[in-house]
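So you can see what is in the structure, the chains are spelled out below.
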Amino acid sequence: MLNRLWQSPALLLVLATLFWSSNFVVGRAVNAVIPPVALSFWRWALALVLVIGFAWPHLRRDLPALKGNLPLLMLLSALGVGSFSTLVYIGLRTTTVINGVLLQSTMPLLILLASFLLFRERVPWLQLTAVAVSLAGVGVIVARGSLETLLGLSFSPGDGWIFLAVCCYALYSVLLRRRPPMHPLSFVAATVAGGAAMLLPLYLWEHFAVRALRPDPVTLAVIAYVAVFPSLLSYLCFNRAVELIGANRSGQYLHLMPLFGSLLAALFLGESLQAYHLGGAALIGAGIGLAGITKR
C-alpha cells in the first residue's frame, strides 16, 4: 500500500496540502503562546532527530552527491525550510488563516511564472485555464459565496510576510528539478539540517532578546505535531510528487488548502459546512482535473 501511495502523485499531494492546511490553523492558534522563530526552529530540529536514524544509511551512500551539490542544497534549505515556515508563523501573528490560505493559493501562478523565468518552460493554455478555474473555487470559499465579502477583505503587514513565504516556496518548488540524484530521505535530512542550522542564530536572538519559549504540554504537543505532519510527511510527499509530475502540475493542488481549512474548522472548531464550500470544492476539483490532462 505504501508503494502504491509513493507512485500516486494525486494522493501524495492531497496528503501534503491537508497537513499544510492544518499547519496554518495550528500556527494561528498558538501565535500568542509560542514565538514564531522558536516554533519554526524546534519544528525542524525535532524533524531532523526523527528522520536522521532512517536516513543515515542513505546519507553515507549519498555523501559524494551531497558534497558536490552543497550550494544548491543550502539554497533549497533556505527557501523551503528555513524561510518558508518562519515567515508564515511571523505573518500569522497579525493576519487571519483565511488571508493566509488565500495568499498561499497564489503559489501555483508563482510557480508557473518562476518556471518560465528560470527555465523558459512554456505553459499550455489548458493549464492556465485549470489554474484560473481552481483559483475561482478558492475565491468562492474565501468569500463565503459573497462578492461583497471578497471585496471587503482587508490586508495587514502579516499578509506581506506570508506572501514573501509563498514566493520562497514557489522558487523551492521550481528548483527541485535541479535536485541531485539521491535517496528521498537523504535529501530531506540534508535540507532539514541546513534549514535548522540557519535558524539557530535567529532563534537564540529571539530567545534572549525578544521572548523565550516556555515549554509546557501544549507547546510540546504542537511542536511534535508540526515536526511530523506539516514537516517530514508533507515534504516527502510534495518532493516525490514534483519528481513524478513536475512543479507546475503539483502546485495546482495547493488550491485544496482553503477547502481543507474549512473542513478542519468544521471538525475541530464546530463550524458548519455551507453550500459555497461545495461550490468551491467543485471548481477546485475541475481545475485539478484539467491540469491532470495537460502534458508534463
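The coordinates are above.
The model shown is predicted, which means the values in this text are computed figures rather than measured ones. (Residues numbered from 1 in each chain as written. Predicted model: local features only at pLDDT ≥ 70, side-chain atom pairs only at ≥ 80, totals over all residues. Heavy atoms only, no water.)

**Some points on empty space enclosed by the protein**
Thinking step 1. Summed over all chains, the structure comprises one cavity of 30 Å³ or more.
Thinking step 2. Its volume calculated, the largest cavity comes out at about 30 Å³.
Thinking step 3. As for the largest cavity, its lining consists of Gly27, Asn31, Ile34, Pro36, Leu39, Tyr89 and Arg93.
Thinking step 4. Considering only residue class, the lining of the largest cavity consists of four nonpolar, two polar and one charged. (1 Å grid on protein atoms, 1.4 Å probe; cavity = no way out; pocket = protein on both sides within 12 Å on 5 of 7 lines; lining within 4 Å. Points joined across faces, edges and corners; volume = space filled by probe spheres on them. Nonpolar A, V, L, I, M, F, W, Y, C, P; charged D, E, K, R; others polar.)

**Some points on the packing of aromatic side chains**
Thinking step 1. On inspection of all chains with the given rule, the structure shows 14 aromatic pairs.
Thinking step 2. On the basis of an interplanar angle of 85° and a centroid distance of 5.1 Å, the ring pair of tryptophan 44 and tyrosine 235 is categorised as edge-to-face. A residue pair is termed long-range when its members are at least 10 positions apart, and tryptophan 44 in helix α3 (residues 36-61) and tyrosine 235 in helix α12 (residues 217-245) qualify at 191 residues.
Thinking step 3. Their ring planes at 25° and their centres at 5.0 Å tell us that tyrosine 225 and phenylalanine 229 sit as a pair that is stacked. Linking tyrosine 225 with phenylalanine 229, this pair stays in helix α12, spanning four residues, or about one helical turn.
Thinking step 4. Residue phenylalanine 229 is classed as partly exposed on the basis of its relative accessible area, which comes to 29%.
Thinking step 5. Through a chain of ring-to-ring contacts, three or more aromatic side chains come together here, namely Trp20, Trp44, Phe84, Tyr169, Tyr172, Tyr235 and Phe238.
Thinking step 6. Between arginine 120 and the ring centre of phenylalanine 116, over which it is positioned, the NZ or CZ distance is 5.3 Å. (Phe/Tyr/Trp six-rings, centres within 6.5 Å; stacked < 30°, edge-to-face > 60°. Helix = DSSP H or I, 4+ residues; strand = E, 2+ residues; numbered from the N terminus. Buried < 20%, exposed > 50% of the residue type's maximum accessible area, 1.4 Å probe, protein only. Lys NZ or Arg CZ within 6 Å of the ring centre and 35° of its normal.)

**Thoughts on the packing of helix α2 (residues 9-29) against helix α6 (residues 97-104)**
Thinking step 1. The contact between α2 and α6 brings their axes to 10 Å, and the two run at 145°. Once α2 is placed against α6, the crossing between them reads as right-handed. Counted together, Phe24, Val25 and Arg28 of α2 and Val97, Gly100, Val101 and Gln104 of α6 form the full contact between these two elements.
Thinking step 2. Of the residues that constitute the contact of α2 with α6, the class distribution is four nonpolar, two polar and one charged. (Axes fitted to C-alpha atoms, helices over the stretch in contact; angles between N-to-C directions. Left-handed = near helix turned anticlockwise from the far one by under 90°. Contact = heavy atoms within 4.5 Å.)

**A closer look at the environment of threonine 129**
Thinking step 1. You can see threonine 129 is positioned in helix α8 (residues 125-142).
Thinking step 2. Judged by relative accessible area, threonine 129 falls into the partly exposed class, the value being 38%.
Thinking step 3. Taking the C-alpha atoms as reference, threonine 129 lies 24 Å from leucine 175; in sequence the two are 46 residues apart.

**Quick look at the side chain of asparagine 23**
Thinking step 1. Its place among the elements puts asparagine 23 in helix α2.
Thinking step 2. Residues contacting asparagine 23, with those up to four places away along its chain left out, are Arg43, Tyr89, Val226 and Pro230.

**Focus on unusual backbone geometry**
Thinking step 1. In this model, arginine 120 sits at a positive phi of 55°, which is unusual for a non-glycine residue.
Thinking step 2. Positionally, arginine 120 belongs in the loop between α7 (107-119) and α8.

**Quick notes on the environment of valine 210**
Thinking step 1. Mapped onto the elements of the fold, valine 210 is located in helix α11 (residues 184-210).
Thinking step 2. The exposure class of valine 210 is exposed, given its relative accessible area of 53%.
Thinking step 3. Sequence separation between valine 210 and proline 35 is 175 residues; the distance between their C-alpha atoms is 8.9 Å.

**Some thoughts on α8**
Thinking step 1. Here α8 is 18 residues long and its end C-alpha atoms lie 26 Å apart, about the 26 Å a rise of 1.5 Å per residue gives.
Thinking step 2. Along α8, the residues that are buried comprise Gln127, Ala130, Val131, Ser134, Gly137, Val138, Gly139, Ile141 and Val142. (Expected span 1.5 Å × (residues − 1).)

**Looking at a nonpolar patch on the surface**
Thinking step 1. On the surface, Leu113, Phe116, Leu117, Leu118 and Leu171 cluster together to form a nonpolar patch covering roughly 440 Å² of accessible area.
Thinking step 2. Looking at which element gives the most residues to the nonpolar patch, the answer is α7, with four residues.
Thinking step 3. With respect to the helices and strands, leucine 118 occurs in helix α7. (Patch = residues over 30% accessible without salt bridge, like charges linked within 9 Å, V, L, I, M, F, W, Y side chains within 5 Å. Areas by Shrake-Rupley, 256 points an atom, 1.4 Å probe, with all protein chains shown as cover. Salt bridge = Lys/Arg side-chain N within 4 Å of Asp/Glu carboxyl O.)

**Quick notes on the packing of α3 against α12**
Thinking step 1. Relative to each other, α3 and α12 sit at 65°, their axes nearing to 8 Å. It follows that α3 is roughly perpendicular to α12 by the angle criterion. As α3 runs across α12, the sense of the crossing is right-handed. For the pair α3 and α12, contact is made by Leu39, Trp42, Arg43, Trp44, Leu46, Ala47, Leu50 and Val51 and by Val222, Ile223, Ala224, Val226, Ala227, Val228, Pro230, Ser231, Leu232 and Tyr235, respectively.
Thinking step 2. The class makeup of the residues in the contact of α3 with α12 is 16 nonpolar, one polar and one charged. (Parallel < 35°, antiparallel > 145°, perpendicular 65-115°, else oblique.)

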